[in-house]
Amino acid sequence: MGKLRPGLHPFWNLLLLLWTLLNCSLGSSAQGSGEWTLWGSWSPCSSSCGRGLSVRSRRCIRFPREELCWGNTHEYRLCQLPDCPPGAVLFRDLQCALYNGHPVLGPQKTYQWVPFYGAPNQCDLNCLAVGHAFYHSFGRVLDGTPCSPGSLGLCVAGRCLSAGCDGLMGSDAREDHCGRCGGANDSCLFVQRVFRDAGAFAGYWNVTLIPEGARHIRAVHRSRNHLALMVSDGSYVLNGNWAVSPPGTYEAAGTRVVYTRATGPEETLHAAGPTSQDLLLQVLLQEPNPGIEFEFWLPRERYGPFQEQAQALSWSLRQPQPREVEPQPPETPVAPAAIPPRTLTPSADPCPPCPDTRGRAHRLLHYCGSDFVFRARVLGRLYQAQETRYEVRVQLVYKNRSPLRALEYVWAPGRCPCPPLALHQEYLLAARRLVSSDGTQDRLLLPDAGYARPWSPAEDSRVRLAARHCPV
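Okay, so let's go over this structure. All of these numbers come straight from a predicted model, not from anything done at the bench. Just so you know, the residues in each chain are numbered from 1, in the order the chain's sequence is written. Local features are withheld for residues below a pLDDT of 70 in this predicted model, meaning they are given only at 70 or higher, and side-chain atom pairs are given and counted only at 80 or more; totals for whole chains, interfaces and linings count all residues. To get the side-chain values, take all heavy atoms of the structure and skip hydrogens and water.

1. Quick word on the overall build of the protein
Rule in force here: Secondary structure follows DSSP: runs of H or I at least 4 residues long count as helices, runs of E at least 2 residues long count as strands, and numbering of each begins at the N terminus. Throughout this description, buried means an accessible area under 20% of the type-specific maximum (1.4 Å probe, protein chains only), exposed means over 50%, and partly exposed covers the range between. For this analysis, residues touch if any pair of their heavy atoms sits within 4.5 Å. Only the protein chains shown count as covering a residue, and every accessible area follows the Shrake-Rupley method with a 1.4 Å probe.
For the protein, the helix and strand inventory stands at 5 helices and 25 strands. The 472 residues of the protein split such that 37% are buried. For the protein, the share of sequence-separated contacts (at least 6 apart) that also reach a separation of at least 24 residues comes to 63%. Split by element, the accessible area of the protein, about 27,500 Å² in all, is 56% carbon and sulfur.

2. With respect to the pairing of strand β18 (residues 279–285)
Looking along a regular strand, one sees the side chains alternate between the two faces of the sheet. Our working rule: Only strands joined by at least two bridges in the DSSP assignment are considered to pair.
Burial runs high along β18: 7 of the 7 residues are buried. Burial along β18 is two-sided: the face carrying L279, L281, V283 and L285 and the face carrying L280, Q282 and L284 are both buried. Sheet topology places strand β11 (residues 203–210) next to β18; 7 bridges connect them, and they run antiparallel. Residue pairing across strands places Y204 opposite L284, the latter belonging to β18. Pairing of strand β13 (residues 226–231) with β18 involves 6 bridges; the strand directions are antiparallel. Bridge pairing links H226 to L284 in β18.

3. What about the sheet that holds strand β14 (residues 236–238)?
As a reminder of what qualifies: All axes here are fitted lines through C-alpha atoms, helices being fitted over the stretch that makes contact, and every angle between N-to-C directions spans 0 to 180 degrees.
The 4 strands are arranged β11-β18-β13-β14 in an open sheet whose pairing can be described as antiparallel. The open sheet is flanked by β11 and β14, the only strands paired with a single partner. Across the sheet, the mean angle from the axis of one strand to that of its neighbour is 30°, orientation sign disregarded.

4. With respect to the layout of surface pockets
Think of a ball as big as a water molecule: rolled over the atoms, this probe shows where empty space is left. Put simply, the test is: Residues are said to line a cavity or pocket when one of their atoms sits within 4 Å of a point; the points come from a 1 Å grid over protein atoms alone, cavities being sets where a 1.4 Å probe fits but cannot get out and pockets being open sets with protein on both sides within 12 Å along at least five of seven lines. Grid points are joined across faces, edges and corners, and a volume is the space filled by probe spheres set on the points. The nonpolar class holds Ala, Val, Leu, Ile, Met, Phe, Trp, Tyr, Cys and Pro. Asp, Glu, Lys and Arg form the charged class, and all remaining residues, Gly among them, are polar.
Considering only enclosed or pocket space, the largest pocket measures out at about 570 Å³ in volume. Contributing to the lining of the largest pocket are 24 residues, with R51, C84, L90, F91 and P146 lying nearest its centre. It is helix α2 (residues 91–97) that provides the largest number of residues to the lining of the largest pocket, a total of 4 residues. Of the residues that constitute the lining of the largest pocket, the class distribution is 11 nonpolar, 9 polar and 4 charged.

5. Structural notes on helix α5 (residues 457–467)
Residues spaced three or four apart along an α-helix face the same direction, because each turn holds 3.6 residues. Definition in use: To obtain the arc, one takes the directions from the helix axis to the C-beta atoms.
Inspection of α5 places E459, D460, V463 and A466 among the buried residues, and these make up the whole buried set. Seen from one end, α5 has its buried residues packed into an arc of 125°, which puts them on one side. Where α5 is buried, its residues touch α4 (360–369), β20 (372–384), β21 (387–400), β23 (426–435) and β25 (452–454).

6. Concerning the pairing of β13
Summarising burial for β13: 6 of the 6 residues are buried, a large majority. Alternating positions in β13 separate into two faces, H226, A228 and M230 on one and L227, L229 and V231 on the other, with burial throughout. Pairing analysis gives 2 bridges linking β13 to β14, with the strands arranged antiparallel. From the neighbouring strand, M230 faces β14, where its bridge partner is Y236. In sequence, β13 turns back onto β14 through a hairpin of 4 residues, with G234 there showing a positive phi of about 90°.

7. Observations regarding the state of the cysteines
For the record, the criterion: When the sulfur atoms of two cysteines come within 2.5 Å, that pair is taken as a disulfide.
Overall, the coordinates contain 9 disulfides when judged by the stated rule. Here C60 connects covalently by a disulfide to C69, the sulfurs 2.0 Å from one another. What sets the handedness of the C60 and C69 disulfide is the S-S torsion sign, and at about 80° it is right-handed. Residue classification places C60 among the partly exposed positions, given a relative accessible area of 26%. The buried category is assigned to C69, whose relative accessible area is 10%. At a sulfur-sulfur separation of 2.0 Å, the disulfide partner of C96 is C127. Here C96 and C127 share a disulfide; its torsion about the S-S bond, -85°, makes the bridge left-handed. Here C96, found in helix α2, pairs with C127, found in strand β6 (residues 124–129); they are 31 residues apart in sequence, far enough to count as distant. In terms of burial, C96 and C127 fall into one category: buried.

Written as structure tokens, this is what we have:
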């Protein structure tokens, strides 16, 4: 180490010290690594359609004897353009075709070349000579060439790489269950439950609401029952309307639902999500429910509303079919003066008059011979084939041989059932339970010329009196 010389100006002493330190530094074996420049801008996409690559680069700045910078000089990211039109020449085919008609293996012989995918390195340009049993490798394919037909990987510098969720080729960044790239599953909650309601009758039962934004949806059960899926407008995606759908992939709520049914009694539903609207998972019961496992991941902000909706929906309510409810009357009647006068054209009633079903004997016959007697309000009516289906809200139960739910469907034969039920009116109904031979249908049937009286306090007294005269 050099020494400061007495008598020299302090500036020259400092300069001498710096020169000595620099000489010592240059005499050592290594001085750490260099430093990278800033990344350059991304290049245009390597492809004009479909999937391709964009690249950017940087340089390592280092002094003599410094080590090289740690990292890559180039970085590649995936660029996704609109799909290539039908019949477009594939990128690898185009590279092989560049050698058509050019001597390759000799000065005289030329060949036509097409891609060959059976070689060990799929990122080499291996081309098969048309009409011959050999292929030739022309070196590496150009960056951005698909590794193989249908592959998500692209060739980069002779290696097959896939893009991480950050779009960078070769990146190990992955989405967490919440859909965040590189996240730690802390922005969503995991919902995992088992629906164990055994069900008192065959039909559709609600299992769970799957809210908008749900991801990684899974449901599985092992029985002869069938999972059903309904969208928010009341239409079924699969296994609705008492019909069993084939296994396969179904589009619903902005995601693909994979429905599988094994040879044994097992069904599964899987969907990656996220869902773009609420879904309702149901089960079509044909035998006692052994348990339906379901799970999904839900954004934290949606968990509270999901809990409230789940309680309001009341999972035990049976929902056999999507409802088509006629509009409710306005709460406040519109004053006659507000309605513009119009002339009504009488039209013939297409339904013939119903037979008279009044009398004590008729009441006793149907009360004693029925499975259910209850007071209900008619909410909706739907004609299906040669049947009429009423949706009713049960208000009071006088007689029941199996449980009744708050909402039920009552079926009547024909499109002109007798007696007819008016919308938004309350009735005393006597219905029978009708179960199909294969156990797939469990209905409340209002027989033709059956018992359906408008409810009134007097009718309530009469039906209670009838109950005393039925044989035990």
